[in-house]
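Chain residues, written in single-letter form:
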Amino acid sequence: KFRLYLITKLGNPKYSPEVAGRTMIINYTVTLQGLEDQLLSVVVGHERPELQKISEELVQTISKNNILLKQLEDSILTDLSNSDSEILENKALIKSLQEAQKKSSSISKDLKESEETQAEILETTSLYRPSAKRGSILFFSLSKLSEISKMYEFSLAAYLIVFLKSLDNSEKDNKVEERVQNIVKKLTDDVYDYVCTGIFEKHKLMYSAQLTLMIMKGEGKLGNPKEVEFFLKGNISLEKMEKAPLAPWISAAGWKDLHQLVTIDGFEDILKNMKSNLGEWEEWYKSDIPEETKMPNGYSKSLTPLQQLLILRCLRQDRVSNGLRNFVIKEMKSQKYVTPPVLEYHRIFSQSTNFSPVVFVLSPGADPGGELQKLGGKLGFFPKKFHELALGQGQAAEAEMLLEMGAKKGHWII
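Residues numbered from 1 in each chain as written. Predicted model: local features only at pLDDT ≥ 70, side-chain atom pairs only at ≥ 80, totals over all residues. Heavy atoms only, no water.

Enquirer: Whenever I open this one, the overall build of the protein confuses me. Can you help?
Expert: Scanning the protein from N- to C-terminus turns up 18 helices and 2 strands. A compact globule built from 414 residues should have a C-alpha radius of gyration of about 22 Å, whereas the protein, at 31 Å, is more than 25% larger. In terms of overall dimensions, the protein has a C-alpha envelope of 105 × 70 × 60 Å along the principal axes. The proportion of buried residues among the 414 residues of the protein is 34%. (Helix = DSSP H or I, 4+ residues; strand = E, 2+ residues; numbered from the N terminus. Rg over C-alpha atoms; globule rule 2.2 N^0.38 Å. Buried < 20%, exposed > 50% of the residue type's maximum accessible area, 1.4 Å probe, protein only.)

Put into structure tokens, the structure is as follows:
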């Protein structure tokens, strides 16, 4: 009766036929579409609880009727197979079949009505889908951060708390379309603030870019995926360039990247245009703020913000961070997502729950104790419901006692 359970985060694990034949593989990884459907139920349950209740009852009714219909079909087949005489002469069998037919017709009618009602409900709930879609995109934007650092682990359970609070705090509106837009805006703002509170400064712009690109992809605005790939990797070929750069101010790495850029749609003539307008391109290159300076050959108008960023990557890598900020501002239509929130303990408190601890990762010399006491005073916790303990040798028992007391009485334990 020995059983071994193995769990992995790796997608699509591959096993030999021998191993696969002796194991049961269950894939319960959440997907973008699957999470969107789950979040839609959460949104509808919050916005239209009566509709969600009817929908859940309909699902149960349809399921029960399908089971009854199957049982009737099995019963008819059993009666027919067990009949010893001719069907037309077996009055009991004929009566049984007639009753089964009536029940079957009644159940089929109920099923049809239930499915029609369900279709009407689905049409209404679909109006809230944009908010669920944005919620799903936002979760996957932060779940990928664990690939950068193991500290950046965001659970779905913790994310749902942020999601529900955004639903509660977003601006109300009688028009569903306006209400959905308010939810999307508030949710995006809250998730950005939530993530930036928990990641290092050097990763915040990178997250802003990832958030922007994933939203663009979800809305069908990203265009050619090769553009993103080039921005991230450039020209990774190991072959050396045979021709020298067009001008001394073009670096060897930039010249190599330009030859990769011409393989992407929309950039086929980039080298030819640069050669014919080398003076203008040199002037643009020498600009203090090339990311805000008009590009030669009309590229500022003909190229998208992301495509302009690719040229900046080739020629002025030192200005890519600034260009990336401009890109996020243009696509998100707000400076909010390149302006990480300042550390506010009251905001951290509003994002927290009494079910999960708040962990402070401190740099040398930092001490949040004073600010926590001020916050505790404003909220009525300090000093009577506020306890501090420096952990060290022999402090485990006292710490456990404080935690148990704090959980029962609702105190803060630092």
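Moving on from the coordinates now.
Enquirer: What is the right way to look at the pattern of salt bridges in this model?
Expert: Opposite charge on two side chains permits them to pair, given that their charged atoms come into close proximity. Per the counting criterion, the structure on display carries 18 salt bridges. Measuring nitrogen to oxygen at the nearest pair gives 2.6 Å for the salt bridge that ties Lys185 to Asp189. Of this pair, Lys185 and Asp189 both sit in helix H7 (residues 176–197), 4 residues apart, which is roughly one turn of the helix. We classify Asp189 as buried; its relative accessible area is 13%. A salt bridge links Lys221 to Glu219; the shortest N-O distance between them is 3.3 Å. Lys221 sits in the exposed class, given a relative accessible area of 51%. (Salt bridge = Lys/Arg side-chain N within 4 Å of Asp/Glu carboxyl O.)

Enquirer: Help me out: how do you make sense of the layout of surface pockets in this one?
Expert: Of the volumes computed, that of the largest pocket is approximately 1600 Å³. Residue lining of the largest pocket: 35 residues in total, with Ile7, Thr8, Lys9, Tyr28 and Thr29 positioned closest to the centre. In terms of residue count, the dominant contributor to the lining of the largest pocket is helix H5 (residues 129–143) (3 residues). Here the residues of the lining of the largest pocket sort into 18 nonpolar, 10 polar and 7 charged. (1 Å grid on protein atoms, 1.4 Å probe; cavity = no way out; pocket = protein on both sides within 12 Å on 5 of 7 lines; lining within 4 Å. Points joined across faces, edges and corners; volume = space filled by probe spheres on them. Nonpolar A, V, L, I, M, F, W, Y, C, P; charged D, E, K, R; others polar.)

Enquirer: I would appreciate a short explanation of helix H15 (residues 320–332) in the present structure.
Expert: Residues three or four positions apart in an α-helix share a direction because the helix packs 3.6 residues into each turn. Along its 13 residues, H15 runs 18 Å from first to last C-alpha, staying within 8% of the 18 Å computed at 1.5 Å per residue. Within H15, burial applies to Val320, Gly323, Leu324, Asn326, Phe327, Val328 and Met332. Considering only its buried residues, H15 is in contact with H7, helix H8 (204–218), helix H9 (225–233) and helix H14 (305–315). Where H15 ends, the next residue or the one after it, Lys333, has phi of about 55 degrees, a positive value. (Expected span 1.5 Å × (residues − 1). Contact = heavy atoms within 4.5 Å.)

Enquirer: Would you explain a nonpolar patch on the surface in this entry?
Expert: Residues Ile7, Met24, Ile26 and Tyr28 make up a contiguous nonpolar surface patch of roughly 590 Å² in combined accessible area. With respect to the helices and strands, the residue Tyr28 is situated in the loop between helix H1 (17–21) and helix H2 (32–47). Since its relative accessible area comes to 62%, Tyr28 is described here as exposed. (Patch = residues over 30% accessible without salt bridge, like charges linked within 9 Å, V, L, I, M, F, W, Y side chains within 5 Å. Areas by Shrake-Rupley, 256 points an atom, 1.4 Å probe, with all protein chains shown as cover.)

Enquirer: What should I look at first to understand unusual backbone geometry in this one?
Expert: Excluding glycine, most residues fall at negative phi; most peptide bonds, likewise, are trans. Across the junction of Phe382 and Pro383, the peptide omega takes the value 5 degrees, indicating a cis bond. Looking at the element boundaries, Pro383 is found in the loop between helix H17 (369–378) and strand E1 (386–387). For Asn297, which is not a glycine, the phi torsion comes out positive at approximately 60 degrees. Its relative accessible area of 31% is what places Asn297 among the partly exposed residues.

Enquirer: Where do I start with the environment of Ala158 in this structure?
Expert: With respect to the element layout, Ala158 can be found in helix H6 (residues 156–169). Take Ala158: its relative accessible area is 25%, and that puts it in the partly exposed class. Between the C-alpha atom of Ala158 and that of Thr353, which follows or precedes it by 195 residues, the distance is 9.4 Å.

Enquirer: Would you explain the nonpolar core in this entry?
Expert: Leu258, Ile311 and Leu315 are the most contacted members of the largest nonpolar core, which has 70 residues in total. Setting aside residues up to four positions removed in sequence, Ile311 forms contacts with Leu261, Phe267, Ile270, Trp281, Trp284, Met295, Tyr299 and Leu303. (Core = buried A, V, L, I, M, F, W, Y, C linked by side-chain atoms within 4.5 Å.)

Enquirer: Even after reading the chapter, I still don't get the side chain of Asp257, so can you show me in this structure?
Expert: Here Asp257 lies in helix H10 (residues 252–261). Residues in contact with Asp257, not counting those within four places in the same chain, are Phe230, Gly234, Asn235, Arg313, Cys314 and Gln317.

Enquirer: Please clarify how the packing of H14 against H15 should be interpreted in this entry.
Expert: Helix packing for two helices is described by the angle between their axes and how far apart those axes are. Running from amino to carboxyl end, H14 crosses H15 at an angle of 180 degrees, the nearest separation of the two axes being 10 Å. In terms of their interaxial angle, H14 and H15 are classed as roughly antiparallel. Of the residues in H15, those in contact with Pro305, Leu306, Leu309, Leu312 and Arg313 of H14 are Val320, Gly323, Leu324, Phe327, Lys330 and Glu331. Classifying every residue of the contact of H14 with H15 gives 7 nonpolar, 1 polar and 3 charged. (Axes fitted to C-alpha atoms, helices over the stretch in contact; angles between N-to-C directions. Parallel < 35°, antiparallel > 145°, perpendicular 65-115°, else oblique.)

Enquirer: What am I meant to see in the packing of aromatic side chains here?
Expert: Two numbers describe a pair of aromatic rings. These are the distance of the centres and the angle of the planes. Tallied over the full model, the rule gives 14 aromatic pairs. With centroids separated by 5.6 Å and ring planes inclined at 80 degrees, the aromatic side chains of Phe139 and Phe140 adopt a geometry described as edge-to-face. An identical accessibility class is assigned to Phe139 and Phe140; each is buried. Note on Phe349 and Trp412: the rings are 5.7 Å apart at their centroids and 45 degrees apart in plane angle, and the pair reads as tilted. On the criterion of sequence distance, the pair formed by Phe349 in helix H16 (residues 345–351) and Trp412 in strand E2 (residues 412–413) is long-range, its members being 63 residues apart. Residue class for Phe349 comes out partly exposed when judged on its relative accessible area of 33%. Overall, Trp412 belongs to the buried group, its relative accessible area being 14%. These aromatic residues form a ring-pair network of at least three members: Phe349, Phe381, Phe382, Phe386 and Trp412. For Arg313, the ring lying beneath its charged end belongs to Phe230, and the centroid distance is 5.8 Å. Over the aromatic face of Tyr285 sits the side chain of Arg316, whose NZ or CZ is 5.6 Å from the ring centroid. (Phe/Tyr/Trp six-rings, centres within 6.5 Å; stacked < 30°, edge-to-face > 60°. Lys NZ or Arg CZ within 6 Å of the ring centre and 35° of its normal.)

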